[in-house]
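Tertiary structure, described
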Amino acid sequence: MYTNKVKKVAAVHDLSGVGRVSLTVVMPVLSSMGFQVCPLPTAILSSHTQYPHFSFLDLTNEMERIIEEWKLLGIVFDAFYTGYLGSPRQVQVVERFIREFRKENDLVVVDPVLGDNGKLYANISESMVVEMQKLICSADVITPNLTEAFYLLNSDCKTSLSDDELKSNLFQLSAKGPSMVIITSVPVRGNPHMTSVYAYDKISDRYWKVTCPYLPAHYPGTGDTFTSVITGSLLQGDSLPIALDRASQFILQGIRATFGYKYDTREGILLEKVLHNLRVPVQSFSYELVG
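First things first, this report covers the structure right here in the doc. Since we're looking at a predicted model, the values are computed, not measured.

On to the nonpolar core. In this structure, Phe97 and Leu173 are the most contacted members of the largest nonpolar core, which totals 47 residues. For this core, the element with the most residues is helix α3 (residues 88-101), which contributes 6 residues. Among residues more than four places away in sequence, those in contact with Leu173 are Ile136, Ile142, Pro144, Ala149, Leu152, Leu153, Pro178, Val181 and Ile183.

Moving on to the pattern of salt bridges. Applying the stated rule across the entire model yields 12 salt bridges. A salt bridge links Arg65 to Glu62; its shortest N-O distance comes to 2.9 Å. With Arg65 and Glu62 both in helix α2 (residues 60-73) and 3 residues apart, this pair spans about one turn of that helix. With a closest N to O distance of 2.7 Å, Lys158 and Glu165 form a salt bridge. The structure contains a network of salt bridges with shared partners spanning Glu64, Arg89 and Arg96.

Our focus in this paragraph is the side chain of Ser248. Checked against the element boundaries, Ser248 lands in helix α8 (residues 240-259). The contacts of Ser248, once residues within four sequence positions are left out, are Val197, Val210 and Phe226.

Moving on, we get to the packing of aromatic side chains. Tallied over the full model, the rule gives 10 aromatic pairs. Ring geometry for Phe80 and Phe97: centres 5.4 Å apart, planes at 80°, overall edge-to-face. Here Phe80, found in strand β6 (residues 79-82), pairs with Phe97, found in helix α3; they are 17 residues apart in sequence, far enough to count as distant. Judged by its relative accessible area of 1%, Phe97 falls in the buried class.

Of note in this structure, Asn154 is not a glycine but carries a positive phi near 55°. Inspection of the secondary structure assignment puts Asn154 in the loop between α5 (146-152) and α6 (163-174).

Strand order in the open sheet formed by 9 strands is β3-β1-β6-β7-β10-β11-β12-β13-β14, and the pairing between neighbours is mixed. Two strands close off the open sheet at either side, each with one partner strand: β3 (36-39) and β14 (287-289). Pairing between strand β13 (residues 206-213) and β14: 3 bridges, direction antiparallel. Across the sheet, Lys209 pairs through a bridge with Glu288, a residue of β14.

The next subject is the environment of Phe97. Put simply, Phe97 and Ser168 are 71 residues apart on the chain and 31 Å apart in space, counted from C-alpha to C-alpha. When sequence neighbours within four positions are dropped, the list of residues in contact with Phe97 reads Ala10, Val12, Leu40, Ile67, Trp70, Phe77 and Phe80.

In this section: the packing of helix α7 (residues 222-235) against α8. Remark: α7 packs on α8, axes separated minimally by 9 Å, with the N-to-C direction vectors making an angle of 145°. With respect to the hand of their crossing, α7 and α8 are arranged in right-handed fashion. Along the contact surface, α7 presents Thr222, Thr225, Phe226, Val229, Ile230, Ser233 and Leu234, while α8 presents Leu240, Ile242, Ala243, Leu244, Arg246, Ala247, Ser248, Phe250 and Ile251.

Turning our attention to the pairing of strand β11 (residues 180-187). Of all 8 residues in β11, 6 are buried; the element is thus mostly enclosed. Pairing geometry for strand β10 (residues 141-142) and β11, over 2 bridges, is parallel. If you follow Val141 over to β11, its bridge partner there is Met180. Both β11 and strand β12 (residues 194-201) contribute to a ladder of 6 bridges, which runs antiparallel. Note on β12: the bridge partner recorded for Ile183 is Tyr198. Counting the residues between successive antiparallel strands, the hairpin from β11 to β12 contains 6 residues, one of them, Gly190, with a positive phi of roughly 75°.

Pairing within the open sheet is mixed, and its 3 strands lie in the order β2-β4-β5. What marks the edges here is a single partner per strand, and that holds for β2 (15-18) and β5 (56-58). Neighbour to neighbour, the strand axes of the sheet diverge by 10° on average, direction disregarded. Inspection of the sheet shows β2 paired to strand β4 (residues 43-47) by 3 bridges, in the parallel sense. Each residue of the ladder has a partner; that of Ser16, found in β4, is Leu45.

Attention shifts here to the environment of Val197. Here Val197 is to be found in strand β12. The class of Val197 is buried, set by a relative accessible area of 8%. If near-sequence neighbours (up to four positions away) are discounted, Val197 is found in contact with Ile182, Ile183, Thr184, Trp208, Lys209, Val210, Phe226, Leu244 and Ser248.

The rules behind these values
- Residues numbered from 1 in each chain as written.
- Predicted model: local features only at pLDDT ≥ 70, side-chain atom pairs only at ≥ 80, totals over all residues.
- Heavy atoms only, no water.
- Core = buried A, V, L, I, M, F, W, Y, C linked by side-chain atoms within 4.5 Å.
- Buried < 20%, exposed > 50% of the residue type's maximum accessible area, 1.4 Å probe, protein only.
- Helix = DSSP H or I, 4+ residues; strand = E, 2+ residues; numbered from the N terminus.
- Contact = heavy atoms within 4.5 Å.
- Salt bridge = Lys/Arg side-chain N within 4 Å of Asp/Glu carboxyl O.
- Phe/Tyr/Trp six-rings, centres within 6.5 Å; stacked < 30°, edge-to-face > 60°.
- Pairing = 2+ DSSP bridges.
- Axes fitted to C-alpha atoms, helices over the stretch in contact; angles between N-to-C directions.
- Left-handed = near helix turned anticlockwise from the far one by under 90°.

Function-wise, these values are silent; they only describe arrangement.
Listed below in structure tokens is the structure:
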């Protein structure tokens, strides 16, 4: 069997022609961090779904053909990274793909895209939630936002949580299989100008938190970018708290590089202006151990 001279990441995401989301951020971020990205596209869109209209080509059938061809060629991956999946059937296709290709030390990262702000996205059904609950059991790392974490746990959504409540949620999600659980977009009690990311590392049995400034602008694709940096950082051998710092700082750099312009925010952060920062060591450490 061939070994990869550069680690290969199978990236299961959609491809949007306009708007920096999904594969159009996953590929440049991970390539900049030194990894080969092998896309397994779930759909092709003219632009992402936050534009008022767009074309959409479902690639579920083609996904199965691509996977079969990879199998015949004996392609070997070092990591699997999934994002937005368009249907319960696609989740099942991905589950089989990971099960059939995964080797003992491969990294599996699942970004369980389901919803935000306390509700599911318009095109996400309850059956998708059930399938995603199954998929995360196969993951090493999951990166739900706060809303998605509650749906994965079949819990009512809350916006104000104590550290103990967040630790309980992290632990419950980890008990389903993942060794690392990262919950993003956690509001800071009493401070609307800050936001936090909480994480749990099952192996070391430690909880971590990174808090950073919140800027009042919405840029699609920041979640994809965050999880891409987490994936690359862990593949480079960084610890979980260092990965959290790198990803959080990079997102903040991207937002600050974009925020000052009069700009259509639907296009996402100006990724091209900050990609070079991924080759620079972490400049400051903001992670905290949560007691």
